[in-house]
Amino acid sequence: MPFLVDLTVDDRKKLKGIGNKNLIYVQKCLEGALAFPDEMKKSIDVQEFQKDINLFTKN
């Protein structure tokens, strides 16, 4: 997967990411982004967001 980057342990600790505790919230955010694309900030790439979630959930 050439798009992945190598992070140090300290870098990983600083990142907030998708985890089991917030996965449902993140999925609901994606549903909202897909349902109301005009309400999203232009700087948010919804397709990339969806790819990230799919990668995490292995769909």
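Above this text you will find the structure in question.
Bear in mind the structure is a predicted one, so any value in this text is a computation, not a measurement. (Residues numbered from 1 in each chain as written. Predicted model: local features only at pLDDT ≥ 70, side-chain atom pairs only at ≥ 80, totals over all residues. Heavy atoms only, no water.)

Is there a simple way to explain the overall build of the protein chain in this structure?
The number of helices and strands found in the protein chain is three helices and zero strands. Start at the N end of the protein chain and walk to the C end: the helices and strands fall as α-α-α. Computed over the C-alpha atoms, the radius of gyration of the protein chain is 13 Å, more than 25% above the 10 Å expected from 2.2 N^0.38 for a compact globule of 59 residues. Viewed in the frame of its principal axes, the protein chain has a C-alpha envelope of about 35 × 25 × 25 Å. Scored against the burial criterion, the 59 residues of the protein chain give a buried share of 10%. When the accessible area of the protein chain is evaluated, it comes to approximately 5500 Å², of which 57% is carbon and sulfur surface. Of the charged side chains in the protein chain, 10 are positive and 9 negative; the average position of the first set lies 7 Å away from that of the second. (Helix = DSSP H or I, 4+ residues; strand = E, 2+ residues; numbered from the N terminus. Rg over C-alpha atoms; globule rule 2.2 N^0.38 Å. Buried < 20%, exposed > 50% of the residue type's maximum accessible area, 1.4 Å probe, protein only. Areas by Shrake-Rupley, 256 points an atom, 1.4 Å probe, with all protein chains shown as cover. Lys, Arg positive; Asp, Glu negative; His and termini not counted. Charge placed at Lys NZ, Arg CZ, Asp CG, Glu CD.)

Even after reading the chapter, I still don't get the nonpolar core, so can you show me in this structure?
Burial of nonpolar side chains together is a common tendency in soluble globular proteins. Core analysis: the largest hydrophobic core is formed by five residues, namely Val26, Leu30, Ala33, Val46 and Ile53. Listed by contribution, the elements that provide at least two residues to this core are helix 2 (23–35) and helix 3 (46–57). (Core = buried A, V, L, I, M, F, W, Y, C linked by side-chain atoms within 4.5 Å.)

Would you take a moment to explain the environment of Lys41 for this structure?
Turning to its location among the elements, Lys41 is positioned in the loop between helix 2 and helix 3. Distance in space between the C-alpha atoms of Lys41 and Asp10 is 30 Å, their sequence separation being 31 residues.

Limitation: the analysis is restricted to geometry and does not speak to function.
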